Each structure stands twice: as structure tokens, then as C-alpha cells.
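Report on the structure
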Amino acid sequence: MWIVRLALRRPYTFVVVALLIAILGVSAIITMPVDIFPYIDIPVVSIVWGYGGLTPQEMEGRMVTIFERSMTTTVNDIEHIESQAYSGVSVTRVYFQPNAKVEVALSQITAISQTLLRIFPPGTTPPNIIKYDASSVPILQLGLESKTLSEQELFDYGQNFIRTQLATIQGASVPLPYGGRFRQVMVDLIPDRLYAYGLSPVDVSNGLSNQNLILPAGTAKIGDTDYQVRLNSSPKILDELNNLPLKVANGATVYVRDVAQVRDGYSIQTGLVRTNGSRGALLTILRNGKASTLAVVNNVKAYLPKILAGITPELHVNQLFDQSLFVRAAINGVVREAVTAAFLTGLMILMFLGSWRSTIIVCISIPLSILVSLIVLSMMGATINVMTLGGLALAVGILVDDATVEIENTHRNMAMKKPLVRAVLDGAQQIAAPAFVSTLSICIVFVPVLLLTGAAKYLFTPLAGAVVFAMMASYLLSRTLIPTMVHYMLRPEVKLYAQGQHGETAGGQGFIWKAHYLFNRRFELMRSSYASLLHWCLDHRTPVLLAFGLFVAGSLTLAQFIGRDFFPTVDSGQMRLHARTPAGTRLETTETVFAAVEREIRDVIPKREIRNIIDNIGIPNGGFNLAFGDSTTIGSGDGDILVALDPENHGPTAEYTDRLRKRLHEKFPDVTFFFEAANITNQILNFGLPAPIDVQVLGRNVAANYQMARDLESQIAKIPGAADVHI
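Calculation rules
Residues numbered from 1 in each chain as written. Predicted model: local features only at pLDDT ≥ 70, side-chain atom pairs only at ≥ 80, totals over all residues. Heavy atoms only, no water. Helix = DSSP H or I, 4+ residues; strand = E, 2+ residues; numbered from the N terminus. Rg over C-alpha atoms; globule rule 2.2 N^0.38 Å. Buried < 20%, exposed > 50% of the residue type's maximum accessible area, 1.4 Å probe, protein only. Contact = heavy atoms within 4.5 Å. Axes fitted to C-alpha atoms, helices over the stretch in contact; angles between N-to-C directions. Parallel < 35°, antiparallel > 145°, perpendicular 65-115°, else oblique. Left-handed = near helix turned anticlockwise from the far one by under 90°. Nonpolar A, V, L, I, M, F, W, Y, C, P; charged D, E, K, R; others polar. Expected span 1.5 Å × (residues − 1). Core = buried A, V, L, I, M, F, W, Y, C linked by side-chain atoms within 4.5 Å. Phe/Tyr/Trp six-rings, centres within 6.5 Å; stacked < 30°, edge-to-face > 60°. Lys NZ or Arg CZ within 6 Å of the ring centre and 35° of its normal.

Quick look at the overall build of the chain
From N to C terminus, the chain includes 22 helices and 20 strands. The globule rule puts the C-alpha radius of gyration for 727 residues at 27 Å, and the 35 Å found for the chain is more than 25% above it. Expressed as lengths along the three principal axes of its C-alpha atoms, the size of the chain is roughly 130 × 80 × 55 Å. The buried share among the 727 residues of the chain stands at 45%. Taking contacts inside the chain between residues at least 6 apart in sequence as the whole, the part at least 24 apart equals 76%.

With respect to the packing of helix H9 (residues 293-309) against helix H10 (residues 323-353)
The description of two helices packed together rests on the angle between their axes and the distance between the axes. At a closest axis distance of 9 Å, the pairing of H9 and H10 adopts a crossing angle of 140°. Classified by the angle between their axes, H9 and H10 sit oblique to one another. As for the relative orientation of H9 and H10, their crossing is left-handed in sense. In this structure, H9 contributes Thr293, Leu294, Val297, Asn298 and Lys301 to the contact, and H10 contributes Ser324, Val327 and Arg328. The class makeup of the residues in the contact of H9 with H10 is three nonpolar, three polar and two charged.

A word on helix H11 (residues 356-379)
Between its first and last C-alpha, H11 extends 35 Å over 24 residues, near the 34 Å set by a 1.5 Å rise per residue. Phi for Gly381, located one or two positions after H11, is positive at around 85°.

Looking at the nonpolar core
Among the nonpolar cores identified, the biggest contains 98 residues, and Ile36, Leu142, Ile162, Leu166, Ile285, Leu315 and Ile680 are the most heavily contacted of them. Among the elements that make up this core, the one with the highest residue count is helix H12 (residues 386-415) (twelve residues). The contacts of Leu142, once residues within four sequence positions are left out, are Leu166, Ala281, Leu282, Leu283, Ile285, Leu304, Val317, Asn318 and Gln319. Leu577, Ile617, Leu660 and Phe668 belong to the second-largest nonpolar core, a separate cluster that totals 25 residues.

Some details on the packing of aromatic side chains
The final tally for this structure, using the stated rule, is seven aromatic pairs. Ring geometry for Trp49 against Phe120: centres 4.9 Å apart, planes inclined by 80°, an arrangement best described as edge-to-face. With Trp49 in strand S1 (residues 44-50) and Phe120 in the loop between helix H4 (102-116) and strand S4 (128-132), this residue pair connects regions lying 71 residues apart in the sequence. Trp49 sits in the buried class, given a relative accessible area of 0%. A network of ring pairs unites the aromatic residues Trp49, Phe67 and Phe120 as a single cluster. Between Arg181 and the ring centre of Tyr266, over which it is positioned, the NZ or CZ distance is 4.4 Å. We note Arg257 situated over the ring of Tyr255; from NZ or CZ to the ring centre the distance is 4.3 Å.

Have a look at this one:
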């Protein structure tokens, strides 16, 4: 009661507080990051080792196993370690305990990596060590195309000009380009001439290494001048490498040009990218840490024209698979539903009370409570996402309880012919304890959320916080701002209650009051009918209880027909198909197979519904990109096919997926197909795994492990509903 009296004595104080809440709330909305999900802070570190020429078995035995065992000794708070070995590349992911300090882990992994360089094969370079988390998923793809530029030029522009400038955008992480050809100086040996001059490839390699040098020489002080002395034997022009001497035989000098040809070329291509049937390169933009997806994408789109202005106009950059459209649509959908709920709530209050002033008071309390919740969430470092907005949308209907009960009880006291101030004080006192207990009862429902662990903890804690903070704010506003507004806004309605009888108003003029009186008459008729039905039920308790019991039992039997999942299925209009040809298939043959698969996709999905199709085939150059995402590519014989449908006009994605799954297995029996997470929602929830369910077989006998995996594959494939079961 004291706080209500204080509000009536100091009305301007609480009006200013309300204005301050509005200002701080708008500031929080502007500054808070916007994303699809809350930030899932489960620390993971990816380590990429590279050593050209080693087979996967040798990478495992000579490097990966030693590295894993060393980390268990020197790195703290490890939860588990996963490693994958490829030809010449290995990727190790270290998962840490929830409260581990990832910065300390990075320094410990770096230290042990430097120590192991002396143990690993000669020439091993330090690994790439990258912090990774579930939210580090692709949010935008940039397709590089040109009708005149070669693939190595596309890769070169993407790596050295576009990527380096995009990396300066806060929150953006840009790996190396996919596809294209890695530009480097190539020495094409001529075997017959090597044999004729008695040289080997090692002689050519040593000759180039020994004569292509830059040596520090210092300075020479002569007189009053200090000269920089340069001993640089590195050619300034690429063609000069052809003139390096290799050997003197019978008084004749053998040059590089006699046994080889040096040219500006590219390394052996291990991967390629096709965009709508044309070769090119692909730059992937990932969101890093707690950055806003919308902010990162908007900044990339704004900065991209400035970058392209300094590059040849022959290069065309297409923005593909923009996940911000999906995020924005999801956020707008939740906001739209929340606004609709608030409007319907206000409309019902208007119908029941008939007072537009009371409706305004209640409708003002709803956004203020939501803004208080957003202010607190912003101070806690949370983001605006589907979960927090979903919690606020859920709370909209509950938020009106405190204000509605307060105002309705004030109306009841006004109907008892009390003065307005007394009606406000008595109304507040009568419902103070019940309203407080009701608010606490709603808030305490969300306490178990604090006991969740893993990804669920990070997903549902902000939702619970949004509801609880809004509810507490709603109760405080019902004790302060609501009585103040009632005191000043409901004075014209006191005389309506003075003229009325039986606790109802009388003499109200205008459309709203007439609608209220008509609604009340209909409502009283319905209440009378309900009372009659209730009396009948009380007089026939046995059949009513039996019918109710049968209804409950029948409803429970339907539970077995309702599926259970961690998160509802989302139709984002995107598909990600992985195709794997027989082991050992060369890259060019795989490209032919993918082209045939692409034609089948265009036959199944109407042409007007397809926006883009991207083929990402093979291992990216250097293996660095394998540290990001959930790629299941293991060699040049497999890759991903990304299909983007028209967001405004496309059929059910799940239906197209089922049709493609059946048709592709029939058309290409020797190719393994399976669909992976395509949109940002599923990629985050899978947490770096290509599928929602991942079964791992552990053991020392590799052959036995593989056989057991094959047996499990055949058994799991028989489970109803299981699809795309693969090893």
C-alpha cells in the first residue's frame, strides 16, 4: 500500500521513470545483437595440421595420435577430442567443459603444438588453431564468376583482395575461397631432357632453392653516407627463373630452361565450385561469436561495392544463400504475433470494461514491461532472438493480468460510489497479496530452466529470463504507474458509475460504450447458459466424470502418434545434398556426375522455383576450411550440392527432399546421397555435426570397427522414419 500512496503523492516521479524505461528500452533494442538463437557458449578449438603427401593412415599414426595424447597431458578442462585425417591434412576438434576458459586453452594448445614440431616429420609447419562454436555457421555466400578470368585468377581475387577486406568487418569470419585454383609458380619438368643431362628432379629443386635467396647484408658507411647493402638473388621477373644455372657439364652450362619450364600456374586442384553450371569460386561469410547476423550481413553488403570498385569489372560477385533473410523473417514473424496478441488483448479489455481510457492504461503497461525485460537482458549480454522474443510474446497475455486486475478492481470500487482516490487505494490493497502470489507462481515455473545443461541451457534460459523480468516489471508498474494513470485519466468516468446501478455504468455515450453494453448483454446470456450447464453437471456427476475420464484417456492415446523433436522443423526453402561417388574417383569425373545430378534436381523441382544451385566438390585447398562447419567431404569424389528455392514462391521443401531422395537413388545406384542441415537453425542445433543423430564406434581394431558400423547402418536403416543412414 505504501508504494501506491507514494505513487499518488509523487506522480511525476513515476511518469519520468516510465519515460526513462522507454528511452533505455529503445536504446537496448538498437544496440542489442539480433540473431536467430541465443549465443551457445560451448567452447571448441579446431586444430588443422598439414603435411603434403601423407596418407590418412600416416597422418593418424605420425601426427594426430601423438598430438591427441600430448594434449591430454598439457591442456586443461578437456571434455572430449574428435579428429579426422585426410590425405595430407588432419582436423582435430577439442571440446571443453562448459566453464572452461577458452583463452587459456588456446595458449596451452599453441604451446604443445610448437613443442611437437621437433617430433613430427621434417618440414612440418605449425598448425592453424581456430576457436570454434555452434554459432559459427555460414550466413552469406559470395559466388565469384567471370567469362574471361581463369579459375586461378578468381581464387586470387577472392583470397587476396576481397577476403582480406571483408575480414575487417566486426563479427565476420571469412575462410579461404572454395573452388578455383591456388595460384603458384610451377616448374614443369621434361623427363627426357633430365635423363639426357644426367639430372634428377631433386637437382632442379635444390638449384632453385639455393639460387632464389634474399640474404641480410647490413649497411656500409662510406664518408658521410650510410648505404643499405642488398644481396638479393631472387628474380624480379618470373621468366628469369628459367635462366638459373643447374650444372656445368663438359664446359657447357645447363640452365633450368633446358630441362624444365617455369610458369605462372596453379597447384594440383583438389576441389572446385560450380554455380548454376559454371565454374567459379565461393567465399563463405561466417558469423563469429556474439555478433549480430543482421549487422554482419548488412555491413558486408554495404562494404562490398567499395571493394569491387578497386577490382577489374570482369569479376562478377553474386550474393547467395543469405541467411539474414531467414533470420529477419523469423524475427518479424514473432514480433507480428506479439503485436497481434497485444491488440487482441486490448480489444477484449475494451469490450469487457467499455473504457477506452482503461484500455490505453493497460496497453501502455505491456510495452513498458517488455522494455524493462529487454533492458535487463541487454545488461546481461543477451541478444534479440527467436527465443527471447518468443518468451516476450508468451508473456503478452500474462502481462495484462496485473494491470487488468488492478483496473477492474478499481472500477468495482468506483461502482460502490467511492471517491476516485479511495477507490484506487482500496482496489490496490484488496488485490495486492493475490496479485503478488500470482506473479511469483508464474515466475517460479521457469526456475527449473536454470537446471538445464548443454545447448538447452543456452537456448531456454534467455526465454525464461524474458518472461520473468517482464512479469516482475508488470507487477511493479501495477503498483506505481497504473494507479497514477488511473487517478488522472478515469476522473470523467466517476460520474458514469454514480449514475449506474448494480455495479454497472450508465449514460456512456459513443460507439465504444454502446458496443460495451451490447457485449455485456450477450455475455450475461452466455454466463446464464453456462450456469445452467454447470448445475446440470453437478446434478449428474457420475456420467460427467465418466465422459471426462474417457476424453482424457482417449487424448493420452494420441501421444504415441505425435513426434518428438528438439526443435520444430523449419521450411527455409534451402536444401543441402551431399553426394559421394565411389572411392578414388578423380575430380573431373566427379564434376560430370554432379552435373547429371543437377539436371535431375531441375527435373524434379520446377524451374521457376529454383533460385541458385551451387556444387562444392572436393577438399578445399590446404584443408584450412575444414576447421569450419560440418563438412563431411573426405576427398575429390564427393561434395555438397546447395539448392536455394525462391523464398516467395516454392513448394514444400520436405516434399522435394523425399522425391529427390527416391529418384537419385534409382538413377545413380553407385553414388551415396544424404541430405544435411541447410539453414542456420538446423546447423546451430546440430552443433557442428552433419546430422541430428550421430553414432560413433570406438575401438582399436579399425577393420572390426568398420564392420560394426556397417552392421549398425543396416539395422538403423530399418527403423521407421530413419532416412539418409550412412557411414
